[in-house]
Amino acid sequence: MRGYIYFDKFRRYWRQFKMLSIRDGWKKMEYMKKHKFFAEIGDNCYYQSNILPAEPFLVHLHNNVAISAGVRIITHSALNTVFNHEEHTDIYLCRYGRVEIGNNVYIGADAIINFGVTIGDNCIVAAGAIVTKDVPSGCIVAGVPARVIGSYDESKKKLFAFSKPYLDGGLREPCTVEEMVKYKEKN
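Residues numbered from 1 in each chain as written. Predicted model: local features only at pLDDT ≥ 70, side-chain atom pairs only at ≥ 80, totals over all residues. Heavy atoms only, no water.

Asks: Please provide a residue-by-residue account of helix H2 (residues 25-34), values included.
Replies: Here H2 has its buried residues at Gly-25, Lys-28, Met-29, Tyr-31 and Met-32. The buried side chains of H2 occupy one side of the element, clustering within an arc of 160° when seen end-on. When the buried face of H2 is taken as reference, the exposed residues oriented beyond 90 degrees from it are Lys-27, Glu-30 and Lys-34. You can read the cap of H2 off the contacts: a side-chain oxygen lies 3.0 Å from the backbone nitrogen of Trp-26, and it is on Asp-24. After H2 finishes, the residue Lys-36 shows a positive phi value of roughly 55°. (Buried < 20%, exposed > 50% of the residue type's maximum accessible area, 1.4 Å probe, protein only. Helix = DSSP H or I, 4+ residues; strand = E, 2+ residues; numbered from the N terminus. Arc of directions from axis to C-beta. Polar contact = N/O pair within 3.5 Å; in protein donor to acceptor, adjacent residues only side chain to side chain.)

Asks: An account of the nonpolar core is requested, with residue identities and associated values reported.
Replies: In this structure, Ile-67, Ile-101, Ile-107, Ile-119 and Val-125 are the most contacted members of the largest nonpolar core, which totals 31 residues. When residues of this core are traced back to their parent elements, those giving at least two are H2, strand E3 (59-61), strand E4 (65-67), strand E8 (99-101), strand E9 (105-107), strand E12 (123-125) and strand E14 (139-142). Here this core takes three residues from H2, the largest share from any one element. Those residues in contact with Ile-67 that sit more than four places away from it in its chain are Tyr-46, Tyr-47, Gln-48, Ser-49, Leu-61, Ile-73, Ile-101 and Ile-107. (Core = buried A, V, L, I, M, F, W, Y, C linked by side-chain atoms within 4.5 Å. Contact = heavy atoms within 4.5 Å.)

Asks: An account of the sheet that holds strand E5 (residues 72-73) is requested, with residue identities and associated values reported.
Replies: As summarised here, the arrangement of the three strands in space is E5-E10-E13, forming an open sheet in which the pairing is parallel. Across the chains shown, the open sheet's two edge strands, defined by having one partner strand only, are E5 and strand E13 (130-131). Note: E5 against strand E10 (residues 112-113), two bridges, orientation parallel. When the bridges of E10 are listed, Ile-73 appears paired with Ile-113. (Pairing = 2+ DSSP bridges.)

Asks: Before we move on, can you summarise the sheet that holds E8 with the specific residues and values?
Replies: Here four strands make up an open sheet; going across it, the order is E1-E3-E8-E11 and the pairing parallel. Every other strand in the sheet has two partners, leaving strand E1 (40-41) and strand E11 (118-119) as the edge strands with one partner each. Note: E8 against E11, two bridges, orientation parallel. Counterpart to Ile-101 in the pairing with E11 is Ile-119.

Asks: Provide a residue-level description of the side chain of His-60, including the pertinent values.
Replies: If you trace the backbone, His-60 turns up in strand E3. Given a relative accessible area of 13%, His-60 falls into the buried group.

Asks: Can you break down the pairing of strand E15 (residues 147-151) residue by residue, with the values?
Replies: By the bridge criterion, four bridges tie E14 to E15 in an arrangement that is antiparallel. If you follow Val-141 over to E15, its bridge partner there is Val-148.

Asks: So what about the pattern of salt bridges? Which residues, and what values?
Replies: Side chains that carry opposite charge are capable of pairing whenever their charged atoms lie near each other. Applying the stated criterion across every chain, the model contains two salt bridges. In this structure, Lys-33 and Asp-43 form a salt bridge, with 3.2 Å as the shortest nitrogen-oxygen distance. Here Lys-33 is found in helix H2, whereas its partner Asp-43 is found in the loop between E1 and strand E2 (46-47), with 10 residues between them in sequence. Residue classification places Lys-33 among the partly exposed residues on the basis of a relative accessible area of 36%. Linking Glu-100 and Arg-98 is a salt bridge whose minimum nitrogen-to-oxygen distance equals 2.8 Å. Arg-98 gets classed as partly exposed once you look at its relative accessible area, which sits at 41%. (Salt bridge = Lys/Arg side-chain N within 4 Å of Asp/Glu carboxyl O.)

Asks: Break down the environment of Gly-108 for me, citing the residues and quoting the values.
Replies: Structurally, Gly-108 is set in the loop between E9 and E10. Sequence separation between Gly-108 and Ile-124 is 16 residues, and the spatial gap between their C-alpha atoms is 7.7 Å. If sequence neighbours within four positions are ignored, Gly-108 has contacts with Ser-68, Val-71, Val-125, Ala-126 and Ala-127.

Asks: Report on a nonpolar patch on the surface, specifying residues and quantitative values.
Replies: On the surface, Phe-10, Trp-14 and Phe-17 cluster together into a nonpolar patch covering about 390 Å² of accessible area. Looking at the element boundaries, Phe-17 is found in helix H1 (residues 2-21). (Patch = residues over 30% accessible without salt bridge, like charges linked within 9 Å, V, L, I, M, F, W, Y side chains within 5 Å. Areas by Shrake-Rupley, 256 points an atom, 1.4 Å probe, with all protein chains shown as cover.)

Asks: So what's going on with the packing of helix H4 (residues 152-168) against helix H5 (residues 177-186)? Residues and values would help.
Replies: Orientation of H4 relative to H5, taken along the N-to-C sense of each, is 75°, at an axis distance of 11 Å. Between H4 and H5, the angle falls in the class roughly perpendicular. Facing Phe-162, Pro-165 and Tyr-166 of H4, the residues of H5 in contact are Met-180, Tyr-183 and Lys-184. Taken together, the residues of the contact of H4 with H5 sort by class into five nonpolar, no polar and one charged. (Axes fitted to C-alpha atoms, helices over the stretch in contact; angles between N-to-C directions. Parallel < 35°, antiparallel > 145°, perpendicular 65-115°, else oblique. Nonpolar A, V, L, I, M, F, W, Y, C, P; charged D, E, K, R; others polar.)

In short, shape yes, function no, at least from these values alone.
Structure follows, in structure tokens:
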């Protein structure tokens with residue numbers, strides 16, 4: 001039994017090291033999906049962060065989820081250790097919670113998603129936000145703690161309005177930043 005524990009620990013460290021060496025978020029997610037890092041990973045998911053949750057088996061990602069660099073998904077609280085050490089006991093237990101991220105969700109850089117949170121479909125979590133409560137479908141949340149600041153549909157319309165001049169000029173995704181800058185300077 002002890003040998004299996006060491007093998008399992010080595011395997012987890014190896015997979016994490018391997019994942020860290022993959023820079024492309026699409027390929028990283030393919031690797032994570034193949035090795036079942038999370039409880040559930042839907043189609044068309046992107047994972048740029050190099051930070052893995054402590055209990056990845058509590059994380060459920062649905063379809064078309066994009067997670068940016070530095071995002072932390074927290075699956076437990078360690079508050080019990082403080083209370084147990086304070087009182088020289090072990091009566092306080094660690095709180096765990098499932099994290100569920102719905103379809104068509106973007107999570108901005110360095111956001112933190114706390115345990116027990118569900119993010120609905122068609123949501124945007126702004127960079128640096130700390131999500132402590134469930135996010136209803138169709139919302140944009142930002143801040144510390146995160147609160148609703150807009151709607152997914154409004155953001156989609158704004159991005160289309162930004163993209164339209166480029167699209168009318170023949171520029172299509174994927175394009176480089178240099179191509180966009182040259183196009184903008186030319187027009």
